[in-house]
Amino acid sequence: MARPVSVDDWIEIEARNNPDGSWMTMMSRVAAFHHKHAFASEENHGHDMGYRVALTVEELGEFAAAITKGKPDEEAAEELADLLILILGHSLAMKIDLESEFHRKMDRIMQREARRGKLGIRVTEYTDE
């Protein structure tokens, strides 16, 4: 089998329910969640990227509020976990090999120089402006 990208691909991999630091465990658990709730079905809209982006903005707002309102770290951690679960789910909805894309992007950004701006350090592809 090629690298798994869809919910069907990932649910064939047995999900372990205890943290082991594995990409396979995280992706198979998110796929099991998508499968359980039939996210891919037309009526559920769970793989509609417009809907998914709106959910991501909502969760990002909850994470931002936890930080800016000085809520306990545990609450911020839960909101950050919500964001990660959504992003992993985005890769399922789009059938993208996110692990490969992650490493490809890391290889690129590790070659970039950093610049300090008014608000802090940035590492991006700068153009002369």
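Just above sits the structure.
We now turn to the structure provided with this report. (Residues numbered from 1 in each chain as written. Predicted model: local features only at pLDDT ≥ 70, side-chain atom pairs only at ≥ 80, totals over all residues. Heavy atoms only, no water.)

Some words on the overall build of the chain
Under the convention used in this document: Secondary structure is summarised from DSSP: a helix means a run of H or I of at least four residues, a strand means a run of E of at least two, and numbering begins at the N terminus for each. For the exposure calls, accessible area comes from a 1.4 Å probe over protein chains only, and a residue counts as buried if that area is under 20% of its type's maximum, exposed if over 50%, partly exposed in between. Note on contacts: a residue pair is in contact if any heavy atoms of the two residues lie within 4.5 Å. For accessible areas, the Shrake-Rupley method is used with a probe of radius 1.4 Å. Any residue's cover is judged against the shown protein chains and nothing else. The charged-residue count follows a simple rule in which Lys and Arg add positive charge and Asp and Glu add negative charge, with His and chain termini not counted at all. Just so you know, the charge point we use is NZ for Lys, CZ for Arg, CG for Asp and CD for Glu.
Looking only at helices and strands, one finds 5 helices and 2 strands in the chain. The burial tally for the chain puts 24% of its 129 residues in the buried class. The long-range share in the chain, meaning contacts at least 24 apart out of those at least 6 apart in sequence, stands at 43%. Here the chain displays about 9600 Å² of accessible surface, and carbon together with sulfur accounts for 56% of that area. The chain carries 16 positive and 25 negative side-chain charges, and their two centres are separated by 7 Å.

A short note on the nonpolar core
Counted only if it meets this: By convention a nonpolar core is built from buried Ala, Val, Leu, Ile, Met, Phe, Trp, Tyr and Cys residues, the set being connected through side-chain atoms within 4.5 Å.
Counting residues in hydrophobic clusters, the biggest one holds 7 residues: Val7, Trp10, Met27, Val30, Ala31, Leu88 and Leu92. Listed by contribution, the elements that provide at least two residues to this core are α1 (7–11), α2 (23–36) and α4 (73–94). Residue contributions to this core peak at 3 residues, all from α2. Discounting chain neighbours no more than four positions away, the residues touching Ala31 are Val7, Trp10, Ile11 and Leu92.

What about the packing of α2 against α4?
The condition is simple: Axis lines are fitted to C-alpha atoms, over the contacting stretch for helices. Their N-to-C directions set the angle, which ranges from 0 to 180 degrees. Oblique is the label for any angle not covered by the other classes, which are roughly parallel (under 35 degrees), roughly antiparallel (over 145) and roughly perpendicular (65 to 115). Following the grouping adopted for this structure description, the nonpolar residues are Ala, Val, Leu, Ile, Met, Phe, Trp, Tyr, Cys and Pro, the charged ones are Asp, Glu, Lys and Arg, and the polar ones are all others, Gly among them.
Remark: α2 packs on α4, axes separated minimally by 10 Å, with the N-to-C direction vectors making an angle of 80 degrees. Classed by the angle they form, the pair α2 and α4 counts as roughly perpendicular. Along the contact surface, α2 presents Trp23, Met26, Met27, Val30, Ala31 and His34, while α4 presents Leu84, Ile85, Leu88, Gly89, Ser91 and Leu92. Its residues assigned to classes, the contact of α2 with α4 shows 9 nonpolar, 3 polar and no charged.

Quick look at the packing of aromatic side chains
Put simply, the test is: Stacked, tilted and edge-to-face are the three classes applied to pairs of Phe, Tyr and Trp rings, where Trp contributes its six-membered ring and a pair requires centres within 6.5 Å; stacked means planes under 30 degrees apart, edge-to-face means over 60, and tilted covers the rest.
Under the defined criterion, the tally for this structure stands at 1 aromatic pair. Taking 5.1 Å as the distance between ring centres and 75 degrees as the angle between the ring planes, the aromatic pair formed by Phe33 and Phe39 counts as edge-to-face.

A few points about the pattern of salt bridges
Where we set the bar: When a carboxyl oxygen of Asp or Glu is within 4 Å of a side-chain nitrogen of Lys or Arg, the pair counts as a salt bridge.
This structure, assessed with the given rule, holds 6 salt bridges. Salt-bridge contacts for Glu125 lead to Arg108; the nearest nitrogen and oxygen are separated by 3.1 Å. With Glu125 in the segment after β2 (121–122) and Arg108 in helix α5 (residues 98–109), this residue pair connects regions lying 17 residues apart in the sequence. Residue Arg112 pairs with Glu125 through a salt bridge whose shortest N-O separation is 3.4 Å. You can see Arg112 sitting in the loop between α5 and β1 (115–116) and its partner Glu125 sitting in the segment after β2, a full 13 residues away along the chain. Here the salt bridges share partners, and the residues they tie into one network are Arg3, Asp97 and Glu99.

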